[in-house]
Amino acid sequence: MKLLVVDDEKNILKLYKVELEDEGYTVVTANSGKEALELFEKENPDIVTLDILMPDIDGIRVLRQMKELKPNIPIIMLTAYDYRDDFSVWVSDAYVVKSSDLSSLKATIKQIIEKGNQ
Amino acid sequence: MESEQIKELQKTLRIYELTKAILLVDDFDELLRIITVETTLLFNARGSIIRIVENNKLGVKASIGISNNVIESTSTIDFVDGLSEMAVMQDKTIIYNKTDDISTITDFNNALCTPLKTGSVSLGTFTVIDKLDEQGNAIPFDENDVKLFEGFTTIAAIVIKKLCLYEKALLKEKEANKEKLKAQELNIYLQSLINNTADAIITMDTDRVIKSWNYGAENTYGYSRDEAIGKSYLLMPDFLFDIERLYTERVKKGETIKNVETVHKTKNGSIIDVSITMAPIKDLYEKIIGISYISRDITIKKKTERELMKKNDMLNRLIFIGSAMRSTLDLERLIRMILTAVTTGDGFGFNRAMLFLLDEDKNILKGVMGVGPSGHEEAWRIWSTLSMENKNLNNLIEEIEKGPLRKDSFMDKLCCSIELPLSDNTVLALSVKNKKAYNVQDAHLHEYANFPLVQHLGSTSYAVIPLISQEKVIGVLWVDNLFSRRQITDNDIEYLSGFTSQIASAIENARLFERVYQAEKELENIFESISDMLYVTDTDYIIKSVNQAVVNKIGKPKKEIIGKKSFEIFSDTFVSCETRFKNFLKKSGEPLIEEVEDTFTDNTYLLSCSPILDSSGNILGNVHIVRDITELKKLKERADANERMAALGEIAAKVAHEIRNPLLSIGGFARRLERRLADEEKDYARIIVDEVQRLENILSDTLSFVKTTRLKFSKVNLNEMFDSIITLLEPVLQERQNEIVEEIPHDFIISINEERFREALINIITNANQFTTSGTIKIFAERRSIQIFDSLGDFKIRQEAVISISDTGCGIRREDIPRIFDPFFTTRTNGTGLGLAITKRVIEENGGRIEVQSTLGEGTTFKIYLNNEEE
């Protein structure tokens, strides 16, 4: 199971990478919108986690382009706070409030995988 | 001898001539001349003089042979030579010889002077001067001469006397003739006077048979002289026979009847007013033989008099109506009074009348009232009962009020339905435009008669008079005589025009009064209905008047408020202000406005105090306006809070974003460490994790608060929502031993964004729970109607849902209440301070508002108001 984790903070990418690898996933990281889209095509991730606020291309545009390219790849939006009313979370497959406690993210990824397996 | 004979013959001849002359000549002066001439010749003398006594003087009446200067010098004085005087005095013939020298006058040498006498009456003297001889020398008179002269003088005296008498008679006759002539002239004059005078001068005998008939009579009565003479009682109308007979009897008894005004009948049957004078005609023996009858046609005078009386009468009525009109300011009553005056018989006597007033906004004439009977029968009934005669003002007004000229008559309804545009060329409109009265004799022939109106009213003859007050037309008066068919004359119009100016000003006054009254009412209404408290005090703080708002606020009836001192009624807060106001006002005279907080009611008031000044600028009292601005203040506070939050939110969001990612890294790796560490190190890592978590929570709340959301609204059952919330919060409620009570009507549906609203409610209940121990949290919901003004300014009633959540907790400190919804405001040590701020934001996003009421130590109530309009 390959995950593409997108965030503009390298430390956060490092954290996610180690934490999610601990969970047994293959983790590819991108620290910009541009890189995310390149890797999305190149690496064929099974799941993408996407930060919304990024300096070059914001997460919402990245989300749209990814959905246009491969609509079936689940994308989890990482939001700074409860963003459930935002349209970006409607088109994404799930959203998770960004937190140092990654349990919620991990749980969501599991749910999506289980859903995909059904 | 022969010469003697001749002389004697000559003498005799002279005497004969004299005698002949005396007998034949009847002219006095001529006779005297002849006597002097013949006597001079008789005596062959130089001259002779006859003097006649006139006015006790001897004046020269005739002379010959005497120089004129002598005559003139002696004509008026006593006899010049003294001879005449002497002769008269001595009553004998005096013989004068110059040699005797008895007189200073020596113009002549000899003279004979003898008195002229008849009987004993002396008429005068006769003097003959200077008898001459053949040679022309003067020779003295002898005795023969004396005898001859005396004898002759005696005859002359008789003749002179006779002539004198004759002369006198002649004079008398002349005078008599003159008198006669005068009388004749007078007669002619009188006749012409009689004939030419305009007065009828008639003479009649005692049986009233007409004997003479002048032109005046002909002109006055129309009968010619021939037609009149011989008739009796020709001029009297039948009904005056008795009176005329009475007059005749009185005149026959010698009385004169002067200037009696009566009426006579002329030939063509018309009755004329005359003034008659009847006097008896008497004959020489004072016997009454007839009657003179002078009659003067005074029809014109009478007519003028009647006009004058009518005008006077009219004037009296006008004054009466005028005072009646001034007695009322009720417009409708006034107009009814006016129309009554116009239509009553002894008013202006028109059959029907309508009053139109000008509506300047619509530019039309609007009928306001009409009076008039609907038919002949009603006409007579009305006119017989309605009369201004012998009525005082009160009676008249009462009669008008109750009288037959009712408001709802046919005529009135008709009138009130009429609206005439001024733009049309109708008589009524023209009357307004031209400020002119119109007398339409025949509407068929009148260019501007409004025919539909004419048909409505059924009369083709009417008059329209403008009502002009201060040069401005305010309406028109319409009148007609439908029933009497009496033609409206220019006189009528003239009278009415005199009246209309009074009408106009009375109406203007009444309208003005109405407007003032209305304005007063409006003011009173405003005063009463204004939601601000309004009260007026005098300079001693005594309350003079208050409005309803004060009554509502104070909770006492007006009569218990008015008359009291303001500090007895209002709280100290107001009164202390008032005192300050008073001092301030004394100094400046300017109104003062100040915001005060009433510590007793916790309300905020805007107090305004304005002085009431009299015309000389002294303060009579003050008008106080007290506006409860508590709500306004709250609103303002809310607006301020929002502003504060917006500013804070922006900063918070920036900060949050900046620290979010480092925190995440710190927290994430700390958790990693924690898992791998043991013992103390594990605990230290745990502290990092917890603290990061706390910071992250703050960030999350902050960002959640700041973010803008698009809300999805759905209909939510409030009962169910609360049920689920209470279930969720059950553990924490039990933890603090709080009981929750729900009082929500069944199926209480509200339209909200469910998730967000739920969060808000959870926040409030959690908050309540945290400040309450072993208490009750009560949830209550209701619907109510509120009055609002929509965006178009229209008044509307709207449904509102109110959800209140009260606790019996410790309450909020008074000074904290305004800040309770501020972000980061918290009294808890472990709170983020964002809970209520977010709640407020959420509720506002849902189109509602939240309020808090709290009493320290008793509890707090949050009230949420939501628009519950069905969309």
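Residues numbered from 1 in each chain as written. Chains lettered and ligands numbered in written order. Predicted model: local features only at pLDDT ≥ 70, side-chain atom pairs only at ≥ 80, totals over all residues. Heavy atoms only, no water.

Draft legend 1. Quick look at the overall build of chain B. Scanning chain B from N- to C-terminus turns up 25 helices and 28 strands. When the 871 residues of chain B are sorted by exposure, 43% land in the buried category. If you take every contact in chain B between residues at least 6 apart in sequence, the share linking residues at least 24 apart comes to 57%. For chain B, the exposed area adds up to about 47,500 Å²; of that, 52% sits on carbon and sulfur atoms. (Helix = DSSP H or I, 4+ residues; strand = E, 2+ residues; numbered from the N terminus. Buried < 20%, exposed > 50% of the residue type's maximum accessible area, 1.4 Å probe, protein only. Contact = heavy atoms within 4.5 Å. Areas by Shrake-Rupley, 256 points an atom, 1.4 Å probe, with all protein chains shown as cover.)

Draft legend 2. Seen up close, the pattern of salt bridges. All names here are of chain A. Under the definition given, this model contains 40 salt bridges over all chains. Two residues, K98 and D7, come together in a salt bridge whose shortest N-O distance is 2.8 Å. Residue K98 is found in the loop between strand 5 (94–97) and helix 5 (103–117), and its partner D7 is found in the loop between strand 1 (2–6) and helix 1 (10–22); the two are separated by 91 residues along the sequence. (Salt bridge = Lys/Arg side-chain N within 4 Å of Asp/Glu carboxyl O.)

Draft legend 3. Inspection of the environment of T861(B) at higher detail. Residues and elements named next belong to chain B. In this structure, T861 sits in strand 28 (residues 859–867). Along the backbone, T861 and S806 are 55 residues apart, and their C-alpha atoms lie at a distance of 4.0 Å. With residues near it in sequence (within four places) discarded, T861 still touches S804, I805, S806, E851, V852 and Q853.

Draft legend 4. Just the sheet that holds strand 4 (residues 110–118) of chain B, in detail. All names here are of chain B. An order of 2-1-5-4-3 is seen for the 5 strands of this open sheet, with the pairing classed as antiparallel. The sheet terminates laterally at strand 2 (57–64) and strand 3 (94–97), the two strands that pair on one side only. The mean angle between the axes of side-by-side strands here comes to 20°, regardless of whether they run parallel or antiparallel. As paired strands, strand 1 (residues 45–54) and strand 2 are joined by 7 bridges and run antiparallel to one another. Each residue of the ladder has a partner; that of V53, found in strand 2, is L58. Docked against the sheet, helix 5 (residues 143–196) engages strand 1, strand 3, strand 4 and strand 5 (121–131), running at close to 35° with respect to strand 4. (Pairing = 2+ DSSP bridges. Axes fitted to C-alpha atoms, helices over the stretch in contact; angles between N-to-C directions.)

Draft legend 5. Representation of helix 2 (residues 28–42) of chain B within the structure. With 15 residues, helix 2 of chain B extends 21 Å between its outermost C-alpha atoms, agreeing within 8% with the 21 Å of an ideal straight helix rising 1.5 Å per residue. At the exit of helix 2 of chain B stands N44(B), carrying a positive phi of roughly 45°. (Expected span 1.5 Å × (residues − 1).)

Draft legend 6. Layout of the packing of aromatic side chains. All names here are of chain B. Taken as a whole and judged by the stated rule, the model has 7 aromatic pairs over all chains. Both rings, one in W213 and one in Y221, keep their centres 5.9 Å apart while their planes meet at 40°; by these two values the pair is tilted. For the pair shown, W213 and Y221 are each scored as buried. Every member of this aromatic cluster is reached through a ring pair, and the members are F43, F126, F141 and F149. Stacked on the ring of F748, the Lys or Arg R783 has its end atom at 4.2 Å from the ring centre. When the ring centre of Y865 is taken as origin, the NZ or CZ atom of R849, which lies over that ring, is 4.0 Å away. (Phe/Tyr/Trp six-rings, centres within 6.5 Å; stacked < 30°, edge-to-face > 60°. Lys NZ or Arg CZ within 6 Å of the ring centre and 35° of its normal.)

Draft legend 7. Fine view of the side chain of T860(B). All names here are of chain B. Of note, T860 is situated in strand 28. Judged by its relative accessible area of 5%, T860 is buried. One polar contact links T860 to S854, side chain to side chain, over a distance of 2.9 Å. Those residues in contact with T860 that lie beyond four places of it in its chain are I805, S806, D807, G811, I812, V852, Q853 and S854. (Polar contact = N/O pair within 3.5 Å; in protein donor to acceptor, adjacent residues only side chain to side chain.)

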